[in-house]
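# Remarks on the overall topology
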Amino acid sequence: MAQAFRRLGSEVVLMQRGPRLLPGTEPFAGERVAAAMQEEGIDVRLGYRLESVASAANDRIELRAGDGTLVVDELLVATGRRPNTAAIGADVVGLEPGEPLVVDDTGLVQGVAGQWLYAAGDVTGRAPLTHQGKYAGRIVGAVIGARAAGAEPDTRPWGEHVTTADHVAVPQVVFTDPEVAAVGRTEEQARADGVDVRVVDIPIAVAGSSLQADGYDGAARMVVDTARGVLVGVTFVGQDVAEMVHAATVAIVGEVPLDRLWHVVPSFPTMSEVWLRLLETYRS
Ligand SMILES: Cc1cc2nc3c(=O)[nH]c(=O)nc-3n(C[C@H](O)[C@H](O)[C@H](O)COP(=O)(O)OP(=O)(O)OC[C@H]3O[C@@H](n4cnc5c(N)ncnc54)[C@H](O)[C@@H]3O)c2cc1C
């Protein structure tokens, strides 16, 4: 997690984690963001464990860490988030306060005897993102409606009443400069899931990117399930890549075969020509 602060007009970012700057994303994404911060003169210190924070003279703040002391003007602490279930009465239904409400893919909370309790969003400890919370809300609403009408929910993978995307196609954008936009599994996650993968890495260097910015500097990675010939993960890093991730999400959720993606013609001159470069590289 990051502890970032401003010091006499300069900025220091302290990361307790090592080089894995952005959890759940490909390592190169965090490395590129860190490099961009360093180019801007930000002092990035990785693997930095903050031991204490105390008031210092002149309303300043003293930070103690392994390699000494820093005195700063402001401190921004980013420690991550966890489900806020401590005071919602979880114990009334036999659940542990403070723990995530573990749900199945229909949003039904597990471990509650004799009652139908549903949950959606951050409290479930699944993907703590606004869009995934909204997705879960839509599914859970449909499940409750179906059950209230006496219908059996459609719980087949990708059925109307299950949050299948939570497992394999969660998109996320890190609004840094450069932006990071990713969906699906990283190479490491896919391999851990037992998927035989091939990884394609390319720089983002197409006519559309040169229109986006002079000297555009970006990178794209796709992770391909070689047995099934489909995408399982895509990551873009660069200026304005946030809008690129939805096409990747469609390809992953739709399990579009790469042979068919080859026919998905990107308009010239747009950033989407990156898809052409990725596929050409995969086919070469
Ligand atoms: C700084 C920050 C930046 C973020 N940026 C992004 C982003 O760019 N994109 C993104 O996708 N996600 C982002 N998120 C995550 C996103 O905000 C959450 O994933 C999303 O809000 C989860 O929605 P939710 O409805 O599950 O929970 P919440 O939005 O937290 O809503 C829960 C509600 O329940 C209320 N509540 C809590 N306890 C009780 C109680 N006991 N009784 C009654 N009401 C109660 C709370 O007041 C709150 O209104 C960010 C989060 C933070 C903290």
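Given the structure is predicted, the values throughout are model-derived calculations rather than measurements.

## Points about the nonpolar core
Membership of the largest hydrophobic core comes to 36 residues, with the highest contact counts inside it found for Val183, Leu231, Phe236 and Ala248. Contributions of two or more residues to this core are made by α1 (27-39), β9 (179-184), β11 (219-225), β12 (230-238), α6 (245-253) and α8 (273-283). Structurally, this core is a two-domain feature, drawing no fewer than three residues from each of domain 1 (2-78) and domain 3 (169-283). When sequence neighbours within four positions are dropped, the list of residues in contact with valine 183 reads Ala169, Val170, Pro171, Val234, Val245, Ala248, Thr249 and Ile252. In this structure, Leu95, Val109, Val143 and Val162 belong to the second largest nonpolar core, which totals 13 residues.

## Description of the environment of glycine 254
Within the element layout of this structure, glycine 254 appears in the loop between α6 and α7 (258-261). Along the sequence, glycine 254 and tyrosine 118 sit 136 residues apart, while their C-alpha atoms lie 27 Å from each other.

## Some points on the sheet that holds β9
The antiparallel open sheet is built from five strands, whose spatial order is β8-β9-β12-β11-β10. Two strands lie at the open edges of the sheet, namely β8 (171-174) and β10 (197-203), each paired on one side alone. The mean angle between the axes of side-by-side strands here comes to 10 degrees, regardless of whether they run parallel or antiparallel.

## Let's talk about the site of the ligand
Near the ligand the following residues occur: Arg81, Asn84, Ala87, Ile88, Gly121, Asp122, Pro128, Leu129, Thr130, His131 and Gly133. When the residues that make up the shell around the ligand are grouped by side-chain class, the tally is four nonpolar, five polar and two charged.

## Describing the confidence of the model for the protein chain
When pLDDT is averaged along the protein chain, the result is 92; 95% of the residues meet or exceed 70. In this model, residues 1-8 is a region of pLDDT below 50 whose contacts with residues beyond four sequence positions or in other chains number 30 contacts.

## Remarks on the domain arrangement of the protein chain
Partitioning the protein chain into structural domains gives domain 1 (2-78), domain 2 (90-165) and domain 3 (169-283). Between the C-alpha centres of domain 1 and domain 2 there is a distance of 37 Å.

## Focus on helix α2 (residues 130-148)
One turn of the α-helix equals 3.6 residues, which is why residues spaced by three or four share an orientation. In this model, α2 (19 residues) spans 27 Å end to end at C-alpha, consistent with the 27 Å of a helix rising 1.5 Å per residue. Among the structural elements, α3 (165-168) are those in contact with the buried residues of α2. Within two residues after α2, glycine 150 carries a phi angle of roughly 85 degrees, on the positive side.

Parameters at a glance
Residues numbered from 1 in each chain as written. Predicted model: local features only at pLDDT ≥ 70, side-chain atom pairs only at ≥ 80, totals over all residues. Core = buried A, V, L, I, M, F, W, Y, C linked by C-beta atoms within 7 Å. Buried ≥ 20, exposed ≤ 12 C-beta atoms within 10 Å, placed from the backbone. Helix = DSSP H or I, 4+ residues; strand = E, 2+ residues; numbered from the N terminus. Domains from an automatic or database assignment. Contact = placed C-beta atoms within 7 Å. Pairing = 2+ DSSP bridges. Axes fitted to C-alpha atoms, helices over the stretch in contact; angles between N-to-C directions. Near = placed C-beta within 6 Å. Nonpolar A, V, L, I, M, F, W, Y, C, P; charged D, E, K, R; others polar. pLDDT = per-residue confidence, 0-100. Expected span 1.5 Å × (residues − 1).

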